[in-house]
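Topology and contacts: notes
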Number of protein chains: 2
Amino acid sequence: MKQLLVDMDGVLADVYSQFIKMELNESGNLLNLDSLSGMLESEAFPNFQKHVHSEYFFRTVLVMKDSVEGLNYLNNKYKVLIVSSATEFPNSLKEKVEWLHQYFPFISWKQIILCGEKDSIKGEIMIDDHYKNLRNFDGRKILFTQPHNNLIKNDSIERVNSWKEIISLL
Amino acid sequence: MKQLLVDMDGVLADVYSQFIKMELNESGNLLNLDSLSGMLESEAFPNFQKHVHSEYFFRTVLVMKDSVEGLNYLNNKYKVLIVSSATEFPNSLKEKVEWLHQYFPFISWKQIILCGEKDSIKGEIMIDDHYKNLRNFDGRKILFTQPHNNLIKNDSIERVNSWKEIISLL
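Nothing here was measured: the structure is a model prediction, and the numbers come from that model.

Here we take up the overall build of chain A. If you tally the helices and strands in chain A, you get 7 helices and 8 strands. At 15 Å, chain A has a C-alpha radius of gyration in line with the 15 Å of a compact globule built from 170 residues. Counting over 170 residues, chain A shows a buried share of 52%. For chain A, restricting intrachain contacts to residue pairs at least 6 apart in sequence, the fraction spanning at least 24 positions comes to 66%. When the accessible surface of chain A is summed, it comes to about 7,700 Å², and 50% of that surface belongs to carbon and sulfur atoms.

Given below as structure tokens:
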């Protein structure tokens, strides 16, 4: 059974919706997804640092469309590990585990890795929205489209635009 | 530079002292280390589950003797990753990161991995007090003596009894 590494933010968790909602609450500015193309989240959202370090940001984030069914399917077919860059944001850690338990109850705590960098995690397939995580991965690389990675073109990666596309691929 | 995986509980963190203190507070029983030889912590400490899930257990644990100087030395000589089995205990996650930042400020969040199982973490040397973590590791295995592992004998591991011994070995 192949080991499959699945990212949280931007793949299972719809962090863009959360950033947009929190920026609206914070400043009254409603940001448009199309205008954020090619910008990192930290560039696109003026209050990025404040929001990712706040409480409840990760606990209340929306689940990505079709990801529950999608991950359940993958979990029966692969050895799934959820790998999230999280130790930079101490408030996120418990929230991420609780959020996974709530929405993806078929994922055990044994399958969760919260880390700083992902280059020390073994796997054969990686699904991630950040090219920096895929770049040095020595297995099959699947890039989940988000505004920040829209402009990236690389022959070594496969791009998917939805969980339905992940399922058709894997 | 070789990658070195260093465990927290029972290697950097003196969890036995914490368990004994909390059992004393809880029940008035002062447990003796010598009487706990060969028993897993979950067998040795009647209130194990309650205490590892409680708040502050991991935040207030004592630092293992000589581990600050020892880890600082290793951190200059190896690519150190702190790898802790922690996702089973959601309250421990933030506490572990804060505890590391307090006592081992030279360890960056980039060097911390909080996981369920350790068999997916890449490394060339592992220091751990739990044989179950070392058993399937394909690098150099160093067992840090604790009462629960006292009776384990295995030619594939090197046993150390203190941080001073780690330094003389590495």
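The rest of the description comes next.
Core analysis: the largest hydrophobic core is formed by 86 residues, its most contacted members being Val-6, Leu-12 and Trp-163 of chain A together with Val-6, Leu-12 and Trp-163 of chain B. Beyond its immediate sequence surroundings of up to four residues, Val-6 of chain B is in contact with Val-11, Leu-12, Leu-71, Val-80, Leu-81, Ile-82, Val-83, Ile-127 and Trp-163 of chain B. Cys-115 and Tyr-131 of chain A together with Ile-121 and Leu-143 of chain B belong to the second-largest nonpolar core, a separate cluster that totals 24 residues.

A word on the interface of chain B and chain A. With 23 residues of chain B in contact, the opposing surface of chain A contributes 23 residues. For the chain B and chain A pair, buried surface summed over both sides reaches about 2,200 Å², with 57% attributable to carbon and sulfur atoms. When the area that chain B buries against chain A is broken down by residue, the three leading residues are Trp-109, Ser-120 and Lys-122 of chain B, summing to 27%. Counting across the chain B and chain A interface gives 0 salt bridges. Mapped by element, the contributors of at least two residues to the side of chain B that touches chain A are strand E4 (79-85), helix H5 (90-103) and strand E5 (112-115) of chain B. Classifying every residue of the side of chain B that touches chain A by side-chain character gives 10 nonpolar, 5 polar and 8 charged. Here 3 bridges tie strand E5 (residues 112-115) of chain A to E5 of chain B, and the two strands are oriented antiparallel to one another. When the sheet's bridge partners are listed, Leu-114 of chain A is paired in E5 of chain B with Leu-114 of chain B.

A word on the layout of surface pockets. Its boundaries defined by the atoms lining it, the largest pocket holds a volume of some 850 Å³. Surrounding the largest pocket, 36 residues form its lining, Ser-85, Glu-88, His-130, Lys-132 and Asn-133 of chain B being those nearest its centre. Counting residues per element, the ones that place at least two in the lining of the largest pocket are helix H1 (15-27), helix H2 (41-44), helix H3 (48-52), E4, strand E6 (125-128) and helix H6 (131-135) of chain B. If you tally residues by element for the lining of the largest pocket, the top one is H6 of chain B, at 4 residues. Among the residues making up the lining of the largest pocket, the classes are represented as 13 nonpolar, 10 polar and 13 charged. When its volume is computed, the second largest pocket comes out at roughly 700 Å³. As for the second largest pocket, its lining consists of 29 residues, and the residues nearest its centre are Ser-85, Glu-88, His-130, Lys-132 and Asn-133 of chain A. When residues of the lining of the second largest pocket are traced back to their parent elements, those giving at least two are helix H1 (15-27), helix H2 (41-44), helix H3 (48-53), strand E4 (79-85) and helix H6 (131-135) of chain A.

Time to look at the pairing of E6 of chain B. All names here are of chain B. Alternating positions in E6 separate into two faces, Ile-125 and Ile-127 on one and Met-126 and Asp-128 on the other, with burial throughout. Sheet topology note: the strand E1 (residues 3-6)/E6 ladder contains 3 bridges and is parallel. Bridged to Leu-4 within E6 is Ile-125. Where E6 and strand E7 (residues 140-144) come together, 4 bridges link them in parallel fashion. Looking at E7, one finds that Ile-125 is bridged to Arg-140.

In an α-helix, one turn spans 3.6 residues, which is why side chains three or four residues apart end up on the same side. Residues and elements named next belong to chain B. Buried within helix H4 (residues 67-77) are the following residues: Ser-67, Gly-70, Leu-71, Leu-74 and Asn-75. Taken end-on, H4 shows its buried residues confined to a sector of 135 degrees, consistent with a single buried face. With respect to the buried face of H4, the exposed residues turned more than 90 degrees away are Glu-69 and Asn-76. Packing partners of the buried residues in H4 comprise E1, strand E3 (62-63), E4, E6 and helix H7 (163-169).

We now examine the environment of Trp-99 of chain B. All names here are of chain B. Looking at the secondary structure, you find Trp-99 in helix H5. Between the C-alpha atoms of Trp-99 and Ala-13, which are 86 residues apart in sequence, the distance is 9.4 Å. The residues contacting Trp-99, other than those within four sequence positions of it, are Met-8, Leu-12, Ala-13, Phe-58, Arg-59, Val-61, Leu-62, Val-63 and Phe-104.

Between chain B and chain A, the superposition needs a rotation of 180 degrees and an axial shift of 0.0 Å, giving an RMSD of 0.0 Å. Taken together, the rotation and translation relating the two chain copies correspond to the operation of a two-fold axis.

So, on to the state of the cysteines. According to the stated counting rule, one finds 0 disulfides over all chains in the structure shown. Sulfur of Cys-115 of chain A: no disulfide; nearest cysteine sulfur belongs to Cys-115 of chain B and is 9.9 Å away. Owing to a relative accessible area of 0%, Cys-115 of chain B belongs among the buried residues under this scheme.

Turning our attention to the packing of aromatic side chains. With the rule as written, the count across this model stands at 18 aromatic pairs over all chains. Measuring from ring centre to ring centre gives 4.8 Å for Phe-19 of chain B and Phe-57 of chain B, while their planes differ by 50 degrees; the resulting arrangement is tilted. Of this pair, Phe-19 of chain B sits in helix H1 while Phe-57 of chain B sits in the loop between H3 and E3, and the two are 38 residues apart along the sequence. Residue Phe-19 of chain B shares its accessibility class with Phe-57 of chain B, and that shared class is buried. Between Trp-99 of chain B and Phe-104 of chain B, the aromatic rings sit 5.6 Å apart at their centres with planes inclined by 45 degrees, giving tilted as the arrangement. For the pair Trp-99 of chain B and Phe-104 of chain B, a shared accessibility class is recorded, and that class is buried. In textbook terms, an aromatic cluster arises when at least three aromatic residues are bridged by ring pairs, as seen for Tyr-16, Phe-19, Phe-45, Phe-48, Phe-57, Phe-58 and Phe-89 of chain A.

What counts, and where the lines are drawn
Residues numbered from 1 in each chain as written. Chains lettered and ligands numbered in written order. Predicted model: local features only at pLDDT ≥ 70, side-chain atom pairs only at ≥ 80, totals over all residues. Heavy atoms only, no water. Helix = DSSP H or I, 4+ residues; strand = E, 2+ residues; numbered from the N terminus. Rg over C-alpha atoms; globule rule 2.2 N^0.38 Å. Buried < 20%, exposed > 50% of the residue type's maximum accessible area, 1.4 Å probe, protein only. Contact = heavy atoms within 4.5 Å. Areas by Shrake-Rupley, 256 points an atom, 1.4 Å probe, with all protein chains shown as cover. Core = buried A, V, L, I, M, F, W, Y, C linked by side-chain atoms within 4.5 Å. Buried area = accessible area lost by both parts, 1.4 Å probe. Salt bridge = Lys/Arg side-chain N within 4 Å of Asp/Glu carboxyl O. Nonpolar A, V, L, I, M, F, W, Y, C, P; charged D, E, K, R; others polar. Pairing = 2+ DSSP bridges. 1 Å grid on protein atoms, 1.4 Å probe; cavity = no way out; pocket = protein on both sides within 12 Å on 5 of 7 lines; lining within 4 Å. Points joined across faces, edges and corners; volume = space filled by probe spheres on them. Arc of directions from axis to C-beta. Least-squares fit on C-alpha atoms with pLDDT ≥ 70 in both. Disulfide = S-S within 2.5 Å. Phe/Tyr/Trp six-rings, centres within 6.5 Å; stacked < 30°, edge-to-face > 60°.

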